[in-house]
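Chains, contacts and geometry: an overview
Chain by chain, the residues:
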Amino acid sequence: MHHLVQHRAEVGGPSAITIGWPLVGVFVLCVALAMAEVCSRYPTAGGLYFWAGRLAKKNKRQWAWFVGWYNFLGEVAVTAAIDYGAAATMMAFANLMWGTEVTALGTFTLFVVLIVIHGLLNTFGVNIVSLLSTVSAWWHIVGVLIIVAVLWIMPTSHQSVGWTFTTFYNETGWGFGPYVFLMGLLMAQYTYTGYDASAHVAEETKNAAVAAPKGIVMSVLVSIIGGWILLYTIVAAIPDGSEEGLSKIVNTGLGSGPAQIFMDALNNPDVAKFLLFIVCGAQFFCGMASVTANSRMSYAFSRDNAIPGSRLWAQVNKRTGTPTNSIWLCVALSILVTVPALFNTTAYAAVTSIAVIGLYIGYVTPVLLRRLSRDFTPGPWNLGRWSALVGWVAVAWVIFIVILFVLPPVNPVTVETFNYAPVAVAVVALLCVVLWFAYGKRDFMNHAEATHLTKAADKLLDE
């Protein structure tokens, strides 16, 4: 949540947060509903790429391959971004508590420690992880309630509803207001990711054909409502609503916008530290869950011979029942994609945008194929006559945000402010093509000798 407010403050300010969040939420809900309908028909751990292969008319394996790779790399980047965000918030917390200096190296080191802890928990502590997942759900609910209550009760004054919804703040260098507002929507879009997690753990879920789609839709609904209440509250608590006041939050030395707002609004450092502690905890739990979902997807993808060294990644640890090797593959790759953060925050921002672009291309391709497929039989959980409308809205929205994500966010465009996202997307596309011809065409979902495939390869993609 930290980068959420941080980024939005520069781009469009309060109005981009209070109006942008529910606006984006509605479109994201369409994507989630359309995905859930496909999930109900095919509840498997592979999720998106498996659906794409099933639904495509021709070149089934190619469709599955591209969706799988975008989803896989998108998840790696999202896991990296969540844990890096958690590290940044924890550094701000350490700064307030013990005066620790916030540096790029310090944040990166803490990020590595966090992601290794998440890897270890997922490797050895299956029971601990399921316990922590329950704790996480309550932590989020109670945590949001506490932050909201404190920010409404303690500050002596609040910004008016009018100010919260209409104040526009622009530090981007672009003069065209609507463009800046649209750029401000990107951070909301980035935060609404990872709801395909319910699909990836479908093989471990009872009554998955109904439970997994419900999980996908509910996680988005809860985010829209809870997130909006939280964001509105934080914005309304900003004590100094002038340009200078907003500038102070954006350029805070703490490395965290919310931390600065808590400090300024509450006039009580102890309570501010406590609220920041709640945010740290929430981000820690998010990272843990992200590593779980990521490893399940890469495990399924390896089971179908997609990743180099698949035999190794598709092994399940006999003692713990978890795909241990694929957990560490994901951890190692996440650390690798975060290395640019040591040198250049803009290059690191490309990592978060590749995360979103990659994931949403993965999310919406099965939805598009489902719309183009004449003979799709809906599963027990479906949208009925709303299916076509919701599906096409989802497809249109994803095309729109992918275009937004590759436009330059800041003017003038320099090496420091350049949007590297299109480069990153092109690299992934190129990687997909090269790997496909290198071995995917031969091995992916195809090998008679691959005993670890869930079904015989020739039956895999045909009903």
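First, a word on scope: everything that follows refers to the structure included in this document.

1. Focus on the overall build of the protein
From N to C terminus, the protein includes 20 helices and zero strands. A buried classification covers 56% of the 463 residues belonging to the protein. The contacts in the protein between residues at least 6 apart in sequence include a share of 82% that link residues at least 24 apart. If you sum the accessible surface of the protein, you get close to 19100 Å²; carbon and sulfur atoms cover 69% of it.

2. Section: helix α16 (residues 324–338)
Here α16 is 15 residues long and its end C-alpha atoms lie 22 Å apart, about the 21 Å a rise of 1.5 Å per residue gives. Among all positions in α16, only T324, S326, I327, L329, C330, V331, S334 and T338 are buried. On its buried face, α16 sits against α5 (60–98), α6 (104–124), α14 (269–303), α15 (310–313) and α17 (345–372).

3. Section: the packing of aromatic side chains
On inspection of all chains with the given rule, the structure shows 22 aromatic pairs. Consider the rings of W69 and F72, whose centres lie 5.7 Å apart with planes at 80 degrees: the pair is edge-to-face. Of this pair, W69 and F72 are both found in helix α5, three residues apart, which corresponds to roughly one turn of the helix. By way of ring pairs, the aromatic residues Y49, W65, W69, F72, F301, W436, Y439 and F444 are connected into one cluster.

4. A word on the packing of α5 against α16
Two elements in contact, α5 and α16, have axes separated by 8 Å at closest approach and are oriented at 70 degrees. On the basis of their axis angle, the class for α5 and α16 is roughly perpendicular. Helix-helix and strand crossings are classified by hand; for α5 and α16 the assignment is right-handed. Contacts between α5 and α16 involve F72, V76, A77, T79, A80 and Y84 from the former and L329, L333, S334, V337 and T338 from the latter. Considered class by class, the residues forming the contact of α5 with α16 number eight nonpolar, three polar and no charged.

5. Re α14
Structurally, the α-helix is built with 3.6 residues per turn, so residues lying three or four positions apart point the same way. Counted at 1.5 Å a residue, the expected span for α14 with its 35 residues is 51 Å, and the 51 Å between its end C-alpha atoms agrees. Counting buried positions along α14 gives 29 out of 35 residues, so the element sits mostly inside the fold. Positive backbone phi, at 65 degrees, marks N305, one or two positions downstream of α14.

Calculation rules
Residues numbered from 1 in each chain as written. Predicted model: local features only at pLDDT ≥ 70, side-chain atom pairs only at ≥ 80, totals over all residues. Heavy atoms only, no water. Helix = DSSP H or I, 4+ residues; strand = E, 2+ residues; numbered from the N terminus. Buried < 20%, exposed > 50% of the residue type's maximum accessible area, 1.4 Å probe, protein only. Contact = heavy atoms within 4.5 Å. Areas by Shrake-Rupley, 256 points an atom, 1.4 Å probe, with all protein chains shown as cover. Expected span 1.5 Å × (residues − 1). Phe/Tyr/Trp six-rings, centres within 6.5 Å; stacked < 30°, edge-to-face > 60°. Axes fitted to C-alpha atoms, helices over the stretch in contact; angles between N-to-C directions. Parallel < 35°, antiparallel > 145°, perpendicular 65-115°, else oblique. Left-handed = near helix turned anticlockwise from the far one by under 90°. Nonpolar A, V, L, I, M, F, W, Y, C, P; charged D, E, K, R; others polar.

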